Amino acid sequence: MGLNENVKQSQVFNHVNDCIMNLKVKLMFLGILICSFFLQLNAQSVKLSGRVKNKLTGEALSGVTVLNTKSHKSTLTDEKGGFSIQAEKGNVLILTYVGLATLKYTVIDVAQIAEIAMEEENKKMEEVIVIGYGTQKVTKVSGAISTIKSADIEKLKPVRAEDALQGRASGVNVISSGSPGTKATVLIRGIPSYSGADPVVVVDGVTQTLDDLNSINSADIETISVLKDAATTAIYGVKGGNGVIVITTKSGRKNNKPEFNFSSSYGIQQLARQIGVLNATEYAAIVNEGSLISGGNVIYPDLSKLGVGTNWQDQIFKNAAMKSHSITARGGGEKMTYFLAAAYTGQDGIVGGGDKSYFNRYNTTTNLSFDLTDKLKLVSNTSFTNIKGGTVAENSINSVISNALNFDPTVPVYNNIPGTYGKYSVSNNILSEIYNPLTQLDDTHNQTNTNKLYGKIELQYQVVKNLKFTSRYGYTYTDVAGKSFTPLSYYGDSHINSTLNSDGSTRSGSHNSVYQNHNNYYNYTFENFINYNVKINHDHAFETVLGTSMAKVTGSSISGSRQDVPFNSWDFADISSATGIATNSGISLGEYKYERRNISFFGRINYDYKEKYLVSFTGRRDGSYAFGTKNKFGFFPSASLGWVVSSEKFYKLKVIDFLKIRGSMGTTGNENVTPQFQQITTGIYMYNVGQNSGYTFGNNPTSVGSTISTYANDALSWEKQKQLNVGFDTRFLNNKFNISFDYYERKISGLLFVPSLSLYLGTASVPSSNVGTTKTSGIDASIGFTDNINKNLKINTNLNFTTAKNLVTYTNQGIIEDGYYGIPSQSITRFQEGYAPGYFYGYKTAGLFQTQDEINKSPTQSNAKPGDIKYVDVNGDGLIDAKDRTQIGNPFPKFTMGWSLSLTYKAFDFSSFVYISVGNDIYRAYERNLAMTNKFRGVLGRWTGPGSTNDANNPRYTFVDANNNTRASDRYIEDGSFAKLKDVQLGYTVPTKLYKNKIFSKIRVYAQVKNAITLTKYSGYDPEISGGIFNTGIDRGAYPLARIYSMGLDCKF
Amino acid sequence: MKKITIIASFTIFLMGSSCNKFVDYNPHEDYQITSADYFKLPSDYQSLVIGTYSPLQWLWADPVIGDIASDNSVTGGENATDEVGLQQIDDYTIVSNNSYLTESWKDCYEGINRANYLQENKGKLNFTGKEALYGQVYFLRAYYYFELVKLFGDVPLFTDHRLTVSDSKKYQRAPKADVYKQIETDLTNAIAVLPVTNTEKGRVTKYAAQALLGKVYLYENKFDASAAMLENVISNGAFSLVPNFGDIFLQAGENGSESVFEIQYSNGSPFYDWTNPGRGQGNLGVQVCGIRNLTGSSPYASGWSTNLPTQDLAKAFTTGDKRKDVTILDIEAYKTANPGLNITYQVAPYKNTGLYNQKYLPRKGETSGQVELNYLNNNRTIRYADVLLMAAEANNRASSPNDTKALSYINKVRQRAFGDANHNLTGTGATLTQAIWAERRLELAMEGDRFFDLVRTGQAATKITGFKTGRNEVFPIPQQEIDISGLNQNPGY
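Quantities reported herein were computed from a predicted structural model and do not represent experimental measurements.

### Points about the overall build of chain B
In step 1: Summing up its helical and strand segments, chain B has 20 helices and 6 strands in all.
In step 2: Taken over C-alpha atoms, the radius of gyration comes to 26 Å for chain B, in line with the 23 Å a tight globule of 493 residues would show.
In step 3: Its C-alpha atoms put chain B at 110 × 55 × 45 Å along the principal axes.
In step 4: Of the contacts formed within chain B by residues at least 6 apart in sequence, a portion of 71% connects residues at least 24 apart.
In step 5: Taking the average place of the 47 positive charges on the side chains of chain B and the average place of its 53 negative ones, the gap between the two points comes to 2 Å.

Okay, here's the thing in structure tokens:
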């Protein structure tokens, strides 16, 4: 324990040293940058002196930019708020400061010291949010949008941006993944379709995907807007069906002195809790019992010398580091602005530690804007990301966690048998599938290196006042190189997965192999649009946009593998050094490419009368490359209405400061299909399709034949989604409280589904067709409270509530099955008419058979014996068979809630965030249940005789499970509802007077715990198990989210 | 205003120009081949013909069904829910969503569609050998339709093009007689153009087509036509009985002197696809009949203890009949007789008969890759012995019976079975008919003919427990097809 502490401390210490080094280097670099921008300002004529303070707190404000609009000269206030600037009477000064409202000050008397007080921005009233192809004053919005601000994101410092949405954006359900850098399941307003539920991600106007969020540095993000209803998503047409996440990155500010932000944090991650498995003695006793009941021999004659043995979970889980550092600079001059950022995020995995699973990311961002002429502006955003990652096998039978849970507890960690191969011990009992997880970790070798360049180049031309033309080219270029090595391994003499013999020699026919791949992606969006905003007769305000968009997505990959890497070593693992030859199947090659193209025309009119009556129309005509020749284009319209009741003259309620009622309707789409055509394939096999075309003639080698492998469907079209949204926004009690509430209904028609075609068409792949319908409805709501209770104490708290009820309403009886898991081999989730998408499918249990008599009186269940599970005869035909399988659970929550609280007391700040998910079921699929694999503690409460227990979770224990007690049933379903203290943080902002050093304007230190506490009945590691529509909630030994203790430093200078 | 005009025209230019083309798709962009690229070289045709043979291999379960549905064998397996489709057929509790029958239905129609695709595009290119190549296509289409008509009776019939998505639900069941007529036409056309031999073993020959047509005539009770057709195969002397009966079923015996038509399987291209386990190059019918957990140094490999011969079949063989030990392996007797092999095995857990299908038992070294899926054993679909027995029956049941000829053919088969002429038959008329039928059971046991013979000869109800006349002569049309295409179900299902 003491040793561990020391190690931790020295790690922290070393790390702090690193930080300081980093800081020095970066400061120097940035210093040079700044100098080049700001060597200006000379004095002349009369000097005006002044002092600036915060109106609310009375504090002097240092670093306020003061600009004389006449002379275009500017200066900054000193630490006492003082400034002096050349000015004359009648000049207008503009004062800007982050977080405070920009102030215009007209010089009255240059001789007098100007006392100027700046106010905090009235955010609620003036806030502008980013929507598609423009921005809108938040009070004028009549659609449904959730917004997350940089302040929240910066505090959370998520590795992936979507984690910031969890519980903070109403209407969004995020199920996180524990594996470093892995994509979460993100559902915006439920699951409309089985072909994919990922929302579209738009970064600075450029279309990306949810997968791309692995590469955005959280410090770059200014806001994240989640567009939820048709009024806001229809402008994205055929891509808007799953909602849109609009990310805006930071940009500079004109006439602002450079502001630097440095932040650094270091944390230790650890496993929050273990799963209860048997210790060696318990295991041996139960194995003896199982063997005896099945007519076998006692396997462990002497239990006394076994002790507790090895708990393999202790061996595989490691404390792992989490680091993040970022430095940003923003500011601007008269004609240009800049935002620059450099960041590093490193997360090691708790399974096997940072050697085996890790996610290391380096980001740089350069966002620049230039006023080329009075009317022409150039915006250039460029980000480069490098990600290095390594993974261990996870969430499957063969995962490291699965091996740790199921492996033999009676063997020691290390191999103690002289003269045999291997560092770690082997089991002589377990001879297939499960093996020593440490050997597995030792033999895990892989890495990926991702380079990604993304950004945009945009020209804005102010044609006349209020009319702006924008031309934007956005791009994402990604290059991924990966390599993995599968060495020859020794898991025991009789283990079928061993490829080495006990003396270290290679088993005949076995080879090691190295696999390398290189993937390239290039996406661009080229958009041209006109924004025209006009007011007629002062009260009629129009904001319009009209434009076109061309988008292309391309991907290609080439991969190869080769056997026989020299010395069975990762050091030599490369195709160039391996020696396998093609004629012995020692070399193989793979390739794929894909492309998508869209062309679109869009327009929107937002109208308001005195900001009281709001009307909006949106339309987008979209053409997609994927659709059939008869249906290339689709039109997606939407309309919304809003009424700001509180602006009416008759409105007298003093308590409620603001009330807006909104409603919208419209259509969006989904194009999750690939182009379809009648394809001829030549080959022997088409795997997983069965449309093989080889044959054998006599002793000749197999003949390669051809056949039609897929049908064409010229009528293929998009999924059409109609969404209705009604809601209101209100603020009351002096704007201290705010409530936002939405009810929505989404109906999909033309659901892309596998149609039921006549069987006599043969076995060629059936193309997706527009077959089914689904319906989703729910509520998004949030309530917030903000108050400055007194000069020292501020409070801000927010509660979000999200529900989504999904139902597949029609699918021609077709069923999509997925969620395959190997124990036993079958699919566990279904997409089926009359049920929620991705529901769990299996047998229902009704306790245990206590006596033979009870078995005789029950519906026929072949091979059942007393102590076996009694299954429910769902269809009532007196026979328990496959037709009795039914819905046994739903992995998606009935509702989720997020509660955030932040308190500021003097220099201290506290924040906490709780996330609650209710009604999400989990299928426990990590229990391997082979005769000799380790068991879980539940088995200690097994049925041992009539009346001992009637709990279907604990049937009798036997090696020969003739009743198939391990079949997919509600025995393995658990309620995964949970409440998690996701984030708790305590910060201290060092008062400026405490440090003499004038460099810094703010220093904050904090301590943070993520995933601090989880309250759940679930018996596994973690009830958050991500995996899209079909694999969410199936715990095959999923990578648990780590608890992270971290410390950090934020400073501004 | 000038600037507005410029920008507006720029925008309109962007919108109008090439926008529709931008979202067009040509499969060549992805290097994909479509029918537009095909039928330009003879090799395109040849390659598609190979693809038309492919579904023959997927029909591995048809012969298994032919014995399990009869008095020859039981399903066995691990328990009552193992191989439910086969258990239903065994127990005569057949329901219309039987997975095995659905699979056969789909596979036959895939074969037919592949043949029809060649038919559809026949006129696109002329080349040497095209007609003979199409002889194979017609044979294969006839074979697939014959499988369908044997299993299901009336079935949808189409011959002119490969069906597309828009043809779904268009077809109803055609009368059995029409289907037989099409089979006869196809085989007659095939016979006209096929060669008598091929350099590649396993390619369809004229004799194969004649033998199949003879068999088809027998199923239609056209005995005169059948006798005449089968005579073509016999009189040419192209085939001879393999002297040692057991040799036929060894790897070395594949495509031997007795082989008229064999469905070829191979372990040369190992298959791994458990999603579609029966659609590879290996014979899954071999794996299913293996002995469970077999160890020791016997030549046999282990399997799933399915399709177990009945004691009834074992007792049908008379003393001295060498075919018995080739057809049936009594594992316990074999173990006792060969202690040196150190055999251990798991007694078949369900419906154990103690007997195994020796003709197709999995053997060591005859598979590869995913071992269960890649057994190389060909199905001996039409053997010369079968041709002789069919010819004997046709001559015996012809409008002017020729029992002398019938006896000479059946006795050729019996002489090989007993190794002498002492067991030759002498009866005539109905007695001989019965004797020929009994001989067919013994000679062709576990080769998939028994059930269809019993139905064809009207003996099924007396020989098979659970068989109901007027119902079980055919199997139910797959329920999925009924639901989707609105076909009528066979009576009684």
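### Remarks on empty space enclosed by the protein
Residue and element names in this part refer to chain A.
In step 1: The full count for this structure, using the stated rule, is 18 cavities of 30 Å³ or more.
In step 2: Taken as a whole, the largest cavity holds about 400 Å³ of empty space.
In step 3: As for the largest cavity, its lining consists of 27 residues, of which Asp163, Ser176, Lys1010, Asn1011 and Leu1041 are closest to the centre.
In step 4: Counting only elements with at least two residues in the lining of the largest cavity, the list comes to strand S47 (978–990) and strand S48 (1002–1016).

### Regarding the interface of chain A and chain B
In step 1: Contacts between the two partners involve 68 residues from chain A, matched on the other side by 80 residues from chain B.
In step 2: Summed over both sides, the interface of chain A with chain B buries roughly 6200 Å², with 61% coming from carbon and sulfur.
In step 3: Of all residues in chain A, Tyr695, Leu759 and Tyr760 of chain A give up the largest surface area on contact with chain B, accounting jointly for 15% of the area buried on that side.
In step 4: Put simply, chain A and chain B have 2 salt bridges between them.
In step 5: Run the count over chain A and chain B and you get 34 residue pairs in polar contact (both at pLDDT 80 or more).
In step 6: Elements with a contribution of two residues or more to the side of chain A that touches chain B: strand S22 (445–464), strand S23 (467–486), strand S24 (513–536), strand S25 (540–563), strand S26 (587–609), strand S27 (613–624), strand S30 (679–683) and strand S31 (705–710) of chain A.
In step 7: When the residues that make up the side of chain A that touches chain B are grouped by side-chain class, the tally is 33 nonpolar, 29 polar and 6 charged.

### Focus: the pattern of salt bridges
Side-chain pairing between opposite charges can occur once the charged atoms of the two side chains come close.
In step 1: Taken as a whole, this structure holds 81 salt bridges over all chains when the rule is applied.
In step 2: Between Lys155 of chain A and Asp909 of chain A there is a salt bridge, with the nearest N and O atoms lying 3.8 Å from each other. Remark: Asp909 of chain A occurs in strand S44 (residues 908–918) and Lys155 of chain A occurs in helix H3 (residues 150–156); sequence separation between them is 754 residues.
In step 3: What makes Lys155 of chain A partly exposed here is its relative accessible area of 24%.
In step 4: In this structure, Asp574 of chain A and Lys483 of chain A form a salt bridge, with 2.9 Å as the shortest nitrogen-oxygen distance. One end of the pair, Asp574 of chain A, is in the loop between S25 and S26; the other, Lys483 of chain A, is in strand S23, and 91 residues separate them in sequence.
In step 5: Where salt bridges share partners, they join Glu258, Asp321, Arg323, Lys359, Arg383, Arg414, Arg416, Glu439, Glu443 and Glu447 of chain B into one cluster.

### Details of the confidence of the model for chain B
In step 1: Put simply, chain B has an average pLDDT of 93, and 96% of its residues get 70 or more.
In step 2: As scored by the predictor, the complex reaches a pTM of 0.80 and an ipTM of 0.93.

### Observations concerning the packing of helix H3 (residues 42–58) of chain B against helix H6 (residues 99–120) of chain B
All names here are of chain B.
In step 1: It is at 8 Å that the axes of H3 and H6 come closest, and there the two elements cross at 165°. With respect to H6, the axis of H3 lies roughly antiparallel. The interaxial crossing formed by H3 with H6 has left-handed handedness. Only Asp107, Glu110, Gly111, Arg114, Ala115, Tyr117 and Leu118 of H6 make contact with H3, whose side of the interface consists of Tyr45, Leu48, Val49, Gly51, Thr52, Ser54, Pro55 and Trp58.
In step 2: Taken together, the residues of the contact of H3 with H6 sort by class into 8 nonpolar, 4 polar and 3 charged.

### With respect to the environment of Pro309 of chain B
Residue and element names in this part refer to chain B.
In step 1: Note that Pro309 resides in strand S3 (residues 306–309).
In step 2: Given a relative accessible area of 0%, Pro309 falls into the buried group.
In step 3: Once the C-alpha coordinates of Pro309 and Val23 are considered, the two residues, 286 residues apart in sequence, prove to be 61 Å apart.
In step 4: Look past the residues within four positions of Pro309 in its chain and what remains in contact with it is Asn72, Ser73, Ile328, Thr353, Leu355, Tyr356, Asn357 and Met446.

### Section: the domain arrangement of chain B
Frequently, the measure chosen for interface size is the accessible area removed from exposure when the parts meet.
All names here are of chain B.
In step 1: For chain B, the assigned domains are domain 1 (13–194 + 458–493), domain 2 (221–259 + 384–449) and domain 3 (277–377).
In step 2: Between the C-alpha centres of domain 1 and domain 2 there is a distance of 30 Å.
In step 3: Listed as interface residues are 9 residues of domain 1 and, on the opposing side, 9 residues of domain 2.
In step 4: Sorting the residues of domain 1 by area buried against domain 2 places Asp67, Asn72 and Gln459 first, and these three jointly supply 51% of that buried surface.
In step 5: Inspection of the domain 1/domain 2 interface yields 2 salt bridges.
In step 6: For the salt bridge of Glu184 with Lys222, the shortest nitrogen-to-oxygen distance reads 2.7 Å.
In step 7: One can count 6 residue pairs in polar contact (both at pLDDT 80 or more) joining domain 1 with domain 2.
In step 8: Elements represented by at least two residues in the side of domain 1 that touches domain 2 include exactly helix H4 (61–68) and helix H8 (176–193).
In step 9: Ranked by residues supplied to the side of domain 1 that touches domain 2, first place goes to H4 with 3 residues.

### Topic: unusual backbone geometry
In step 1: Even without being a glycine, Asn395 of chain A presents a positive backbone phi close to 50°.
In step 2: Classification of Asn395 of chain A by relative accessible area gives buried; the value is 19%.
In step 3: Although it is not a glycine, Phe39 of chain B sits at a positive phi angle of roughly 65°.
In step 4: Looking at where Phe39 of chain B falls in the secondary structure, it is placed in the loop between helix H2 (19–22) and H3.
In step 5: Its relative accessible area of 3% is what places Phe39 of chain B among the buried residues.

### A look at the side chain of Glu671 of chain A
All names here are of chain A.
In step 1: With respect to the helices and strands, the residue Glu671 is situated in the loop between strand S29 (656–670) and S30.
In step 2: Glu671 sits in the buried class, given a relative accessible area of 5%.
In step 3: Residues contacting Glu671, with those up to four places away along its chain left out, are Val238, Lys239, Arg596, Asn598, Ser624 and Phe627.

So, how was this worked out
Residues numbered from 1 in each chain as written. Chains lettered and ligands numbered in written order. Predicted model: local features only at pLDDT ≥ 70, side-chain atom pairs only at ≥ 80, totals over all residues. Heavy atoms only, no water. Helix = DSSP H or I, 4+ residues; strand = E, 2+ residues; numbered from the N terminus. Rg over C-alpha atoms; globule rule 2.2 N^0.38 Å. Contact = heavy atoms within 4.5 Å. Lys, Arg positive; Asp, Glu negative; His and termini not counted. Charge placed at Lys NZ, Arg CZ, Asp CG, Glu CD. 1 Å grid on protein atoms, 1.4 Å probe; cavity = no way out; pocket = protein on both sides within 12 Å on 5 of 7 lines; lining within 4 Å. Points joined across faces, edges and corners; volume = space filled by probe spheres on them. Buried area = accessible area lost by both parts, 1.4 Å probe. Salt bridge = Lys/Arg side-chain N within 4 Å of Asp/Glu carboxyl O. Polar contact = N/O pair within 3.5 Å; in protein donor to acceptor, adjacent residues only side chain to side chain. Nonpolar A, V, L, I, M, F, W, Y, C, P; charged D, E, K, R; others polar. Buried < 20%, exposed > 50% of the residue type's maximum accessible area, 1.4 Å probe, protein only. pLDDT = per-residue confidence, 0-100. Axes fitted to C-alpha atoms, helices over the stretch in contact; angles between N-to-C directions. Parallel < 35°, antiparallel > 145°, perpendicular 65-115°, else oblique. Left-handed = near helix turned anticlockwise from the far one by under 90°. Domains from an automatic or database assignment.

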